[in-house]
Amino acid sequence: MRLYELRDYIESKLEVSRFRDYCPNGVQVEGRSEVRRIATGVTASQAVLDAATAWGADAVLVHHGYFWRNEDASITGIKKRRIAHLLQHDVSLLAYHLPLDAHPELGNNAQLARRLGFVEQGRFAEQDIACHGRLVQPQTLAQLTQHIGESLQRAPQVIGDLNFKVARLAWCSGGAQGYFEQAIALGVDAFVTGEISEQNVHVAQETGVAFIAAGHHATERYGIQALGQHLAGQFGFEHRFFDQHNPV
Ligand SMILES: [Zn+2]
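Residues numbered from 1 in each chain as written. Predicted model: local features only at pLDDT ≥ 70, side-chain atom pairs only at ≥ 80, totals over all residues. Heavy atoms only, no water.

Draft legend 1. Examining the packing of aromatic side chains more closely. Counting across every chain of the model gives 8 aromatic pairs. Arranged with centres 5.8 Å apart and planes meeting at 75 degrees, the rings of phenylalanine 191 and phenylalanine 211 form a pair that is edge-to-face. Highlighted residues: phenylalanine 191 in strand S9 (residues 190-193) and phenylalanine 211 in strand S10 (residues 210-213), separated in sequence by 20 residues. Just as phenylalanine 191 is buried, phenylalanine 211 falls in that class too. A ring pair is formed by phenylalanine 235 and phenylalanine 237, whose centres lie 6.0 Å apart and whose planes are at 65 degrees; its orientation type is edge-to-face. Overall, the relative accessible area of 35% leaves phenylalanine 235 in the partly exposed class. (Phe/Tyr/Trp six-rings, centres within 6.5 Å; stacked < 30°, edge-to-face > 60°. Helix = DSSP H or I, 4+ residues; strand = E, 2+ residues; numbered from the N terminus. Buried < 20%, exposed > 50% of the residue type's maximum accessible area, 1.4 Å probe, protein only.)

Below, the structure written as structure tokens:
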């Protein structure tokens with residue numbers, strides 16, 4: 001498939017134009033015009049690029065690409081090395097940020113819910129990327145913590161009473177700790193996201209709403225994989241996901 005046909009297909013599938021984002025969504029670095037092998041990864045780190053080009057990828061698709069708003073625009077240091085690597089190998093980099101968090105089927109939050117058995121009942125927060133809903137069966141916070149840890153292969157950091165029963169909850173993959181208060185306003189028992197900040201601890205303790213930090217990387221592994229699998233199924237691409245361990 002031609003690179004820009006692929007870009008156009010993903011753009012309409014993920015409804016990219018609906019979002020105001022902090023980075024460009026789509027082709028961030030242009031490589032060869034024909035794509036057969038697609039590598040996916042959470043972040044376009046050097047390790048993911050090295051593994052993808054060693055495998056012979058024509059394009060690398062990630063959730064966290066480059067050129068974030070407010071970052072230094074100079075192409076120096078590690079940014080130069082990463083971009084030079086892509087250009088030397090004639091491999092494209094395509095990045096999808098908020099559209100990939102939000103998509104109702106392939107998105108990080110939809111995929112996280114599927115993996116963890118959360119039932120989605122609605123959306124909230126910025127551009128409706130976050131979800132709220134319920135557990136299939138109410139569980140104690142201890143049971144829920146163990147279930148999330150086993151499912152994502154990373155022990156979550158939890159603030160709350162472990163004997164407390166959780167029925168309603170809200171979730172948003174990645175660094176969504178800033179949505180905690182909006183989740184509390186929905187009347188949930190717990191909020192699940194990737195990262196936690198100092199002030200979230202006090203808010204959790206004073207409201208009694210549990211905060212579960214399940215890992216930024218760990219909660220964002222599934223959307224980009226689902227996108228890669230979808231593209232492989234739809235167009236016959238070879239697809240491989242490159243997971244680079246990240247404790248945060
Ligand atoms: Zn993220």
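So, next bit.
Draft legend 2. Focus on the coordination of the zinc ion. Binding of the zinc ion to the protein goes through His64 (NE2), His216 (NE2) and Glu220 (OE), at separations of 2.0 to 2.1 Å. All donors to the zinc ion come from one chain, and their sequence spacing reads H-x151-H-x3-E. Of this pair, histidine 64 sits in strand S3 (residues 59-64) while histidine 216 sits in helix H9 (residues 216-219), and the two are 152 residues apart along the sequence. (Donors = N, O, S within 2.8 Å, 3.2 Å for Na, K, Ca; no water.)

Draft legend 3. Summary view of the layout of surface pockets. Considered as a void within the structure, the largest pocket measures approximately 220 Å³ in volume. His97, Asp101, Gly175, His216 and Glu220 are, among the 17 residues lining the largest pocket, the residues nearest its centre. Elements represented by at least two residues in the lining of the largest pocket include exactly S3 and helix H4 (98-102). Here the residues of the lining of the largest pocket are counted per class, giving 7 nonpolar, 7 polar and 3 charged. (1 Å grid on protein atoms, 1.4 Å probe; cavity = no way out; pocket = protein on both sides within 12 Å on 5 of 7 lines; lining within 4 Å. Points joined across faces, edges and corners; volume = space filled by probe spheres on them. Nonpolar A, V, L, I, M, F, W, Y, C, P; charged D, E, K, R; others polar.)

Draft legend 4. Expanded view of the sheet that holds strand S7 (residues 157-159). With mixed pairing, the 6 strands of this open sheet are ordered in space as S5-S6-S8-S9-S10-S7. At either end of the open sheet lies a strand with only one pairing partner, and these are strand S5 (118-124) and S7. In this sheet, adjacent strand axes meet at a mean angle of 25 degrees when their direction is disregarded. Both S9 and S10 contribute to a ladder of 4 bridges, which runs parallel. Bridge pairing links valine 192 to isoleucine 212 in S10. Relative to strand S8 (residues 165-172), helix H5 (residues 108-116) is tilted by about 150 degrees, and along the sheet it contacts S5, strand S6 (130-140) and S8. (Pairing = 2+ DSSP bridges. Axes fitted to C-alpha atoms, helices over the stretch in contact; angles between N-to-C directions. Contact = heavy atoms within 4.5 Å.)

Draft legend 5. Quick peek at the pattern of salt bridges. Throughout the structure, instances matching the rule amount to 9 salt bridges. A salt bridge links glutamate 105 to lysine 13; its shortest N-O distance comes to 3.4 Å. Here the residue glutamate 105 occupies a position in the loop between H4 and H5, and lysine 13 occupies one in helix H1 (residues 3-13), the gap between them amounting to 92 residues. When its relative accessible area of 23% is taken as the criterion, lysine 13 is described as partly exposed. (Salt bridge = Lys/Arg side-chain N within 4 Å of Asp/Glu carboxyl O.)

Draft legend 6. Broad picture of the environment of serine 33. By the element assignment, serine 33 lies in the loop between strand S1 (26-29) and strand S2 (37-43). On the basis of relative accessible area, serine 33 is assigned to the partly exposed category, the value being 39%. If we skip the residues at most four places from it in the chain, serine 33 touches Met1, Arg2 and Leu3.

Draft legend 7. Layout of the environment of alanine 190. Mapped onto the elements, alanine 190 comes out in strand S9. On the accessibility criterion, alanine 190 (0% relative accessible area) is buried. For alanine 190, the contacting residues outside a window of four places in its chain are Val166, Arg168, Leu169, Ala170, Val209 and Ala210.

Draft legend 8. Local environment of the packing of helix H2 (residues 46-55) against helix H3 (residues 77-89). Running from N to C, H2 and H3 point in directions that differ by 10 degrees, and their axes come no closer than 10 Å. Looking at the two axes, H2 sits roughly parallel to H3. As H2 runs across H3, the sense of the crossing is left-handed. In this structure, H2 contributes Gln46, Leu49, Asp50 and Thr53 to the contact, and H3 contributes Arg81, Arg82, His85, Leu86 and His89. For the contact of H2 with H3, a count of residues per class yields 2 nonpolar, 4 polar and 3 charged. (Parallel < 35°, antiparallel > 145°, perpendicular 65-115°, else oblique. Left-handed = near helix turned anticlockwise from the far one by under 90°.)

On their own, these measurements won't tell you what the molecule is for.
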